[in-house]
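Each chain, written out:
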Amino acid sequence: RKTAFGSVGRRIPHRILHVINQDGESLGNMHRAEALKLMDQHGLKLVLLQENAEPPVYRLMTGQQIHEEQLRRAEKKKASPKSGIYIKELSFSSAIAKNDLETKTKQIAEWIEKKYHVKVTVRQAK
């Protein structure tokens, strides 16, 4: 399960944490109470960076730093190629009106530009 990047607040399930300050310098391992005290003293927020590490790595960040990191991750996710092949299917009757046919061909062209696989089915009119 992937959680959103952001402040963990005061809910820290781990007793011992590895803390990094807002400048990226390691402050070493400390108890969560010490980390919360440090967070309050400097008016910063704790953000979980690596949960699988032993001990888990948390970083003290400002709200602005958290926002910038969220934007950076969103851009990276948007830029990464999407996995899987998307298939779009469109069906219509052979007695389709001219305007409807033009609309559907425009839709097909948009899907092809987006690199979708398009399946078109034409049914015989009764």
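What you see is a predicted model; the values in this text were computed from it and never measured. (Residues numbered from 1 in each chain as written. Predicted model: local features only at pLDDT ≥ 70, side-chain atom pairs only at ≥ 80, totals over all residues. Heavy atoms only, no water.)

**Things to note about unusual backbone geometry**
- Note the cis peptide between Glu54 and Pro55, where omega equals -5°.
- Among the structural elements, Pro55 can be located in the loop between β3 (45-50) and β4 (57-61).
- A positive phi angle, close to 70°, is found at Lys115, a residue other than glycine.
- In this fold, Lys115 is placed in the loop between α3 (98-113) and β6 (117-123). (Helix = DSSP H or I, 4+ residues; strand = E, 2+ residues; numbered from the N terminus.)

**Some thoughts on the domain arrangement of the protein**
- Segmenting the protein into domains produces domain 1 (16-79) and domain 2 (87-123).
- For domain 1 and domain 2, the distance between their C-alpha centres works out to 49 Å. (Domains from an automatic or database assignment.)

**Side note on the packing of aromatic side chains**
- In the structure shown here, the tally under the stated rule is one aromatic pair.
- Ring centres of Tyr86 and Tyr116 lie 5.7 Å apart, and the angle between their planes is 80°; this geometry places the pair in the edge-to-face category. Here Tyr86 is found in the loop between α2 (63-79) and β5 (87-93), whereas its partner Tyr116 is found in the loop between α3 and β6, with 30 residues between them in sequence.
- Judged by its relative accessible area of 42%, Tyr86 falls in the partly exposed class.
- Positioned above the aromatic ring of Tyr116 is the side chain of Lys88, whose terminal nitrogen or guanidinium carbon lies 5.3 Å from the ring centre. (Phe/Tyr/Trp six-rings, centres within 6.5 Å; stacked < 30°, edge-to-face > 60°. Buried < 20%, exposed > 50% of the residue type's maximum accessible area, 1.4 Å probe, protein only. Lys NZ or Arg CZ within 6 Å of the ring centre and 35° of its normal.)

**Observations concerning the UniProt feature "domain: Translation initiation factor 3 N-terminal" (unreviewed entry) in the protein**
- Taking the UniProt record as the reference, the feature "domain: Translation initiation factor 3 N-terminal" (unreviewed entry) is found at residues 8-75.
- From the first C-alpha to the last, residues 8-75 spans 22 Å; its make-up is 35% helix and 32% strand. (UniProt positions renumbered as here; feature names shortened; annotations may be inferred.)

**Some thoughts on the pairing of strand β2 (residues 26-31)**
- Sheet topology places strand β1 (residues 16-20) next to β2; five bridges connect them, and they run antiparallel. Directly across from Leu17, in β2, lies its bridge partner Met30.
- In this antiparallel pair of consecutive strands, β1 and β2, the connection spans five residues, and Gly24 shows a positive phi of 95°. (Pairing = 2+ DSSP bridges.)

**Looking at the nonpolar core**
- Judged by nonpolar contacts, Ile12, Leu17, Val19, Met30, Ala35, Leu36, Leu38, Met39, Leu44, Leu46, Tyr58 and Leu60 together constitute the single largest core of twelve residues.
- Put simply, the parts of the chain that give this core at least two residues each are β1, α1 (32-42) and β4.
- When residues of this core are assigned to their parent elements, the largest contribution, four residues, is made by α1.
- If sequence neighbours within four positions are ignored, Leu60 has contacts with Val19, Ile20, Asn21, Gln22, Leu27, Leu38, Met39, Leu44, Lys45, Leu46 and Gln65. (Core = buried A, V, L, I, M, F, W, Y, C linked by side-chain atoms within 4.5 Å. Contact = heavy atoms within 4.5 Å.)

**Some details on the pairing of β5**
- Where β5 meets β6, seven bridges bridge the pair, whose relative direction is parallel. Each bridged residue has a counterpart across the sheet, and for Leu90 the counterpart in β6 is Val120.
- Once you follow β5 into α3 and on to β6, the crossover reads as right-handed. (Right-handed = clockwise from strand over helix to strand, strands pointing away.)

**Describing the pattern of salt bridges**
- Applying the stated criterion across every chain yields a total of two salt bridges.
- Glu69 is the salt-bridge partner of Arg73, the closest N and O atoms lying 3.1 Å from each other. On the criterion of helical spacing, the pair formed by Arg73 and Glu69 is a turn pair, its members being four residues apart in helix α2.
- When salt bridges with common partners are traced through the structure, they connect Glu69, Arg72 and Arg73 into a single cluster. (Salt bridge = Lys/Arg side-chain N within 4 Å of Asp/Glu carboxyl O.)

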